[in-house]
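Observations on the three-dimensional arrangement
Chain residues, written in single-letter form:
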Amino acid sequence: MEPEADRRSFARRCADLALIALFAVAVLAPTVDLFVRDDVARGPGPELRRPAPKPALPSDLRELIAFPRQYEAYWKDSFGLRDKLLRSHSAFKVLALGVSPDPLHVIGKERWIYNTNDHLIDSWRGARPLSDERLAAWVARLERRRRAVEELGAHYVFALAPDKPSIYPEYVPDRLNKFGPSAADQFYEYARAHSTVDVLDLRPALIAEKVNDAPGDYVYYRLGTHWQLRGAIAGYNAFVERLRPLFPSLPTLPLSEHRLLEYKNLGDAETRNMYIPDLIPQQDHFYTLKSGIKHKTLQPRRDGSRTLVTANPGADLPRVVILHDSFGPFFENQWAAATSHLAMIHDYEFDLVQIASHQPDIVIELIVERMLHGQDPSKLTAGEQRTVARRFANAAKVLYALEPAAPALKPLRRAEVKSASDERGAHVELQARIKGSVFELQGLTPQPAAQVLARVVIDAQEAGSVALLWRCEGDAGWLERRKAQMRTAVGRNELHLLLQPGDKPLERVLLVAQPRPGAWRLRELELRVEAQP
């Protein structure tokens, strides 16, 4: 009996030692990895973001206070086996449980993946409806951009690149049921009712293209967020069908005029961000024109440039500028073949100076559907600011002009106004004892519905912002949408702001300077009314 007991005891000790060894390996492996691989190998590259930098040792009290927070951020992006542990976590969650390993994605039916950027799922479901104020702001943005483009002699078209649930709702999990109109539904309905801007709904063309779907070949990437090239070609042809009554030389380019190339790479896949790009297969489908590439590339996208410029010299085709986000590059070859001059501009700036430099016949703006929530349409971009400055210079009717010696400004909220002068000339000092300097412009004559343009020249002691708020006839109070705001830097700032009363007469205007009590030197403030076309 004793030899048998000894054998069992020996086996138990061996098992215990093995368990201890495994525990030691598990505990020590992350530390060993710190010496075996560098921070980049373990870092958040697959997540398409930069890692938090390793902070230097603190040299004063301020740096010492900030050091723990900075080092924690660095450690979270570089600890040992970080990428391996995240991969294991994602594989278990997605493959075994069928759920997302993070809050940024939703795993749908048949392992379709949807991202949740800018609440796009809730926006599609109808859980985050757009307010009437936001819809009005979107239409106002389209109107001002259409007008700016028409002044160049070009035609303006706006379209939303649909989010994937709008085209493939059938793979969204049943628990995320749709119970109301999507933000896109609201937008298109409101735009049709309140604007004459050429707004194109791409959804019907993309849904119709689904008839050509086959296993593994879809209009959108099954694992990603963008359309595949087949969807982009359908989108291109939808634009052409809309524009051909005005530009009959634009050619349609059906799928039959393309040659299919299948690549073994994944294409657009959210599984990269999850560290499991090799565990769920996806086939990328690429189409090239059978006629080949005939255009010349005048400016490629490289060295940080986000603009592609191509040309077909001598071709009797329109000149086109397309302002786009990440959906745009998918159909750039089709547009390059169909235009005498093409500029694909990958940003949201709407820089009219840049647009005008290409002498376009057509200006297309294409942004992804979720930007209905992700962008603030009431704010002017830097590119639009230059346009407002030019419009201000051309507006002749003065509504208000500041006289520094006798400023028609009424201080509110414990603010003060003082006339002063320095080596740069007369100005008005704006002072406040509480956060935010608020002043009401006096002597305004109520204006019928019109565009009002403002020019503000102000010296700031610290970075902040300047805003103009306005009330219209019948408003119950000061509405957030009736606000034009711009950031200010230390020193002199020359700002141009656009006030859009809409269909109601303008009655009152406030000037608000942020962020904290202090002296602002207001050198010029002028409001002009733009003549209606």
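These numbers come from a predicted model, not from an experiment.

Some details on the sheet that holds strand β13 (residues 409-412)
Strands in a sheet are paired, the pairing made by backbone hydrogen bonds, and the direction either parallel or antiparallel. The antiparallel open sheet is built from 5 strands, whose spatial order is β13-β16-β21-β18-β19. Each edge of the open sheet carries a strand with a single partner, namely β13 and β19 (483-488). For this sheet, the mean angle separating the axes of adjacent strands, direction not counted, is 20 degrees. The pairing of strand β18 (residues 464-472) with β19 spans 6 bridges and is antiparallel. In the sheet register, L469 faces β19, and the bridge partner there is K483.

Focus on the packing of helix α6 (residues 132-150) against helix α14 (residues 382-394)
In contact at an axis separation of 12 Å, α6 and α14 are set at 65 degrees when each is read in the N-to-C sense. In terms of orientation, α6 and α14 fall into the roughly perpendicular class. Where α6 crosses over α14, the two elements pack in a sense that is left-handed. Side by side, α6 and α14 meet where R144, R145, R147 and A148 of the first sit next to E384, T387 and R391 of the second. Residues that form the contact of α6 with α14 fall into these classes: 1 nonpolar, 1 polar and 5 charged.

Side note on helix α3 (residues 61-76)
Between its first and last C-alpha, α3 extends 24 Å over 16 residues, near the 22 Å set by a 1.5 Å rise per residue. The axis of α3 is deflected most strongly, by about 40 degrees, at F67, and proline P68 appears within four residues downstream. Of the positions making up α3, those classed as buried are A66, F67 and Y74. Packing partners of the buried residues in α3 comprise α2 (39-42).

Topic: the nonpolar core
Counting residues in each nonpolar core, the largest one holds 80 residues, and the members touching the most others are F187, F239 and W335. Excluding residues that lie within four positions of it along the chain, F187 makes contacts with L135, W138, L142, F158, L160, V199 and L372. Core analysis: the next-biggest nonpolar cluster, separate from the first, contains 35 residues, L444, A454, I458 and W470 among them.

Description of helix α4 (residues 82-97)
End to end, α4 covers 21 Å across 16 residues, agreeing with the expected 22 Å (1.5 Å per residue, within 8%). Buried residues of α4: R82, D83, S90, A91 and V94, and no others. Down the axis, α4 shows its buried residues gathered within 155 degrees of arc, on one side only. Against the buried residues of α4 lie α2, α3 and β1 (105-107). Of the residues one or two after α4, G98 is the one with positive phi, at around 70 degrees.

Side note on the packing of aromatic side chains
What the rule picks out here adds up to 21 aromatic pairs. When the ring of Y168 is compared with that of Y171, the centres are 6.3 Å apart and the planes differ by 40 degrees; the resulting orientation is tilted. With a relative accessible area of 1%, Y168 lands in the buried category. Following the ring pairs from residue to residue traces out a cluster consisting of W112, Y168, Y171, Y218, Y220, W227, Y236, F239, F327, F331 and W335. The side chain of R471 reaches across the aromatic face of W478, ending 5.4 Å from its centre.

Topic: the sheet that holds strand β11 (residues 362-368)
Strand order in the open sheet made by the 7 strands is β4-β3-β11-β9-β10-β8-β7, with mixed pairing throughout. Every other strand in the sheet has two partners, leaving β4 (198-201) and β7 (296-299) as the edge strands with one partner each. Ignoring which end each strand starts from, the neighbouring axes of this sheet average 20 degrees apart. When strand β9 (residues 319-324) meets strand β10 (residues 341-346), the two strands line up parallel, connected through 6 bridges. Within β10, the position partnered with R319 by the bridge is H341. Packed on one face of the sheet, α6 meets β3 (155-161), β4 and β11 and runs near 145 degrees to β3. Across the sheet, helix α10 (residues 229-243) is in contact with β3, β4 and β11; its angle to β4 comes to roughly 145 degrees.

Overview of the environment of I121
Structurally, I121 is set in helix α5 (residues 120-125). Taking the C-alpha atoms as reference, I121 lies 8.9 Å from V106; in sequence the two are 15 residues apart. Sequence-distant contacts of I121, that is, excluding residues within four places in its chain, are made with Y114, N115, T116, P165 and L176.

Describing the pattern of salt bridges
When their charged atoms lie close together, side chains carrying opposite charge are able to pair. Taken as a whole and judged by the stated rule, the model has 41 salt bridges. Put simply, D459 and R424 hold a salt bridge, and the shortest N to O gap is 3.0 Å. A residue pair is termed long-range when its members are at least 10 positions apart, and D459 in strand β17 (residues 452-460) and R424 in the loop between β14 (415-422) and β15 (425-432) qualify at 35 residues. Overall, D459 belongs to the buried group, its relative accessible area being 11%. With a relative accessible area of 44%, R424 lands in the partly exposed category.

Quick notes on the side chain of E332
Here E332 lies in helix α11 (residues 332-338). One polar contact links E332 to R301, side chain to side chain, over a distance of 2.4 Å.

Concerning the pairing of strand β8 (residues 307-311)
Both faces of the sheet carry side chains from a regular strand, because those side chains alternate between them. A large share of β8 lies buried, amounting to 5 of its 5 residues. Covered by surrounding structure in β8 are T307, V309 and A311 together with L308 and T310, the residues of both alternating faces. Pairing of β7 with β8 involves 3 bridges; the strand directions are antiparallel. Across the sheet, the residue bridging to Q299 is V309, located in β8. Where β8 lies against β10, 5 bridges are found, and the strand directions are antiparallel. Across the sheet, T310 pairs through a bridge with L342, a residue of β10.

Observations regarding the packing of α6 against helix α8 (residues 183-194)
Relative orientation of the contacting elements α6 and α8 amounts to 60 degrees, with a least axis distance of 10 Å. Relative to α8, the element α6 lies oblique. Of the two possible hands of crossing, α6 and α8 adopt the one that is right-handed. Between α6 and α8, the contacting residues are D132, L135, A136, W138, V139, L142 and E143 on the first element and Q186, F187, Y190, A191 and H194 on the second. In the contact of α6 with α8, the residues fall into 8 nonpolar, 2 polar and 2 charged.

Parameters at a glance
Residues numbered from 1 in each chain as written. Predicted model: local features only at pLDDT ≥ 70, side-chain atom pairs only at ≥ 80, totals over all residues. Heavy atoms only, no water. Pairing = 2+ DSSP bridges. Helix = DSSP H or I, 4+ residues; strand = E, 2+ residues; numbered from the N terminus. Axes fitted to C-alpha atoms, helices over the stretch in contact; angles between N-to-C directions. Parallel < 35°, antiparallel > 145°, perpendicular 65-115°, else oblique. Left-handed = near helix turned anticlockwise from the far one by under 90°. Contact = heavy atoms within 4.5 Å. Nonpolar A, V, L, I, M, F, W, Y, C, P; charged D, E, K, R; others polar. Expected span 1.5 Å × (residues − 1). Bend = angle between axes of the 7 residues up to and from the residue. Buried < 20%, exposed > 50% of the residue type's maximum accessible area, 1.4 Å probe, protein only. Core = buried A, V, L, I, M, F, W, Y, C linked by side-chain atoms within 4.5 Å. Arc of directions from axis to C-beta. Phe/Tyr/Trp six-rings, centres within 6.5 Å; stacked < 30°, edge-to-face > 60°. Lys NZ or Arg CZ within 6 Å of the ring centre and 35° of its normal. Salt bridge = Lys/Arg side-chain N within 4 Å of Asp/Glu carboxyl O. Polar contact = N/O pair within 3.5 Å; in protein donor to acceptor, adjacent residues only side chain to side chain.

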